[in-house]
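Structure at a glance
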Amino acid sequence: MFVQVITGETTDPAAVRALGEKWQRELRPGAVGYLGSTIGTAADGTFVAAIQFTDDVAAKENSERPEQDAFFKEMSQLFDGQPTFRESNDTSLLFDGPSAKAGFVQVMQSTCTDRAKAEAMESNELLDALRAARPDLLGGLRLWDGNQSIEIAYFTSEADARAAEKSEAFDAPQQDFSSLYENTTYIDLPNPQIHLA
């Protein structure tokens, strides 16, 4: 799987949202290899779009479509400054991956100090414990760019996620795992648009 993550700043999240729906109606039918997208704007105007494709070839074909180019030019008018692009085919899913049932999405960007150790900790046993301790967490999507990690987590609701954060049920293993990630930034998307193919 290949994932593109676009981040930027907007002062018109309603217009960005409307354009996202327009893409689904008008451009999605011709998007070869499209697997899904998650789009949202944080309270401070930070916009995030994560688009999944089967591979980088399909993503490139999509970006080269004239209608896609016209769409992005229209979308760019809603950004303050230039958006940032990150993309990778070095990706993985948590549980079943992105969930259209999510009412809240959190995007975490970090530097991983020991990826091998972090991935070794994610055993089936640990994931089963996480699922039991955090029923609010529906799934996730992670991509890597060197030692830089972008993780997108899908929750039932923001209220559920905030309440579960305070739980000590998974506190120790979570702290051990989190200690391998530095300079973590969080982008909260309280009203995400999630579309899955």
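Fair warning: this is a prediction, and the values are worked out from it, not measured in the lab.

**Comments concerning the overall build of the protein**
Within the protein, the secondary structure is distributed over seven helices and 10 strands. What you see for the protein is a C-alpha radius of gyration of 17 Å, in line with the 16 Å of a compact globule of 197 residues. Taking the principal axes of the C-alpha coordinates as reference, the protein spans close to 50 × 35 × 30 Å. The 197 residues of the protein split such that 46% are buried. Pairs at least 24 apart in sequence give 81% of the contacts found in the protein among residues at least 6 apart. Per element, the accessible surface of the protein, about 10000 Å² overall, is 49% carbon and sulfur. Mean positive and mean negative side-chain charge positions of the protein (16 and 32 charges, respectively) differ by 4 Å.

**Here's the deal with the pattern of salt bridges**
Per the counting criterion, the structure on display carries 13 salt bridges. Between R162 and E158 there is a salt bridge whose closest N-O contact spans 3.2 Å. A residue pair is termed a helical-turn pair when its members lie 3 or 4 positions apart in one helix, as R162 and E158 do in helix α6 (residues 158–165) at four residues. Its relative accessible area of 26% is what places R162 among the partly exposed residues. When salt bridges that share partners are traced, they join E158, R162, E165 and D188 into one network.

**Some words on helix α1 (residues 13–26)**
Each α-helix winds once per 3.6 residues, and so residues spaced three or four apart point in a common direction. When the terminal C-alpha atoms of α1 are compared, their 20 Å separation across 14 residues agrees well with the 20 Å that a helix rising 1.5 Å per residue should span. Those residues of α1 that fall on the buried side of the exposure criterion are V16, L19, G20, W23 and Q24. Angularly, the buried residues of α1 cover 145° about the axis, an arc narrow enough to put them on a single face. Seen from the open side of α1, the exposed residues pointing more than 90 degrees away from its buried face are A14, R25 and E26. Those residues of α1 hidden inside the fold are in contact with β2 (34–41), β3 (46–53), α2 (56–63), α3 (66–76) and β10 (193–196).

The rules behind these values
- As a convention, each chain's residues are numbered from 1 in the sequence order in which they are written.
- Local features in this predicted model are restricted to residues whose pLDDT is 70 or higher, and side-chain atom pairs enter the listing and the counts only when it is 80 or higher, whereas totals over whole chains, interfaces and linings include all residues.
- For the side-chain quantities, the full set of heavy atoms in the structure was used; hydrogens and water were omitted.
- Strands here mean DSSP runs of E at least two residues long; helices mean DSSP runs of H or I at least four residues long; both are numbered from the N terminus.
- As a reference, a globule follows 2.2 Å times the number of residues to the power 0.38, and the radius of gyration itself is taken over C-alpha atoms.
- For the exposure calls, accessible area comes from a 1.4 Å probe over protein chains only, and a residue counts as buried if that area is under 20% of its type's maximum, exposed if over 50%, partly exposed in between.
- Only heavy atoms enter the contact rule, under which two residues are in contact if any of them lie within 4.5 Å.
- To be clear on the numbers: accessible area is Shrake-Rupley with a 1.4 Å probe, and residue cover counts the displayed protein chains and nothing else.
- For the charge count, each Lys or Arg is scored as positive and each Asp or Glu as negative, with His and the chain ends excluded.
- Charged side chains are reduced to one point each, which is NZ for Lys, CZ for Arg, CG for Asp and CD for Glu.
- Put simply, a salt bridge is a Lys or Arg side-chain nitrogen that is within 4 Å of an Asp or Glu carboxyl oxygen.
- Multiplying one less than the number of residues by 1.5 Å gives the expected span of a helix.
- Each C-beta atom gives one direction from the helix axis, and the arc is the one those directions make.

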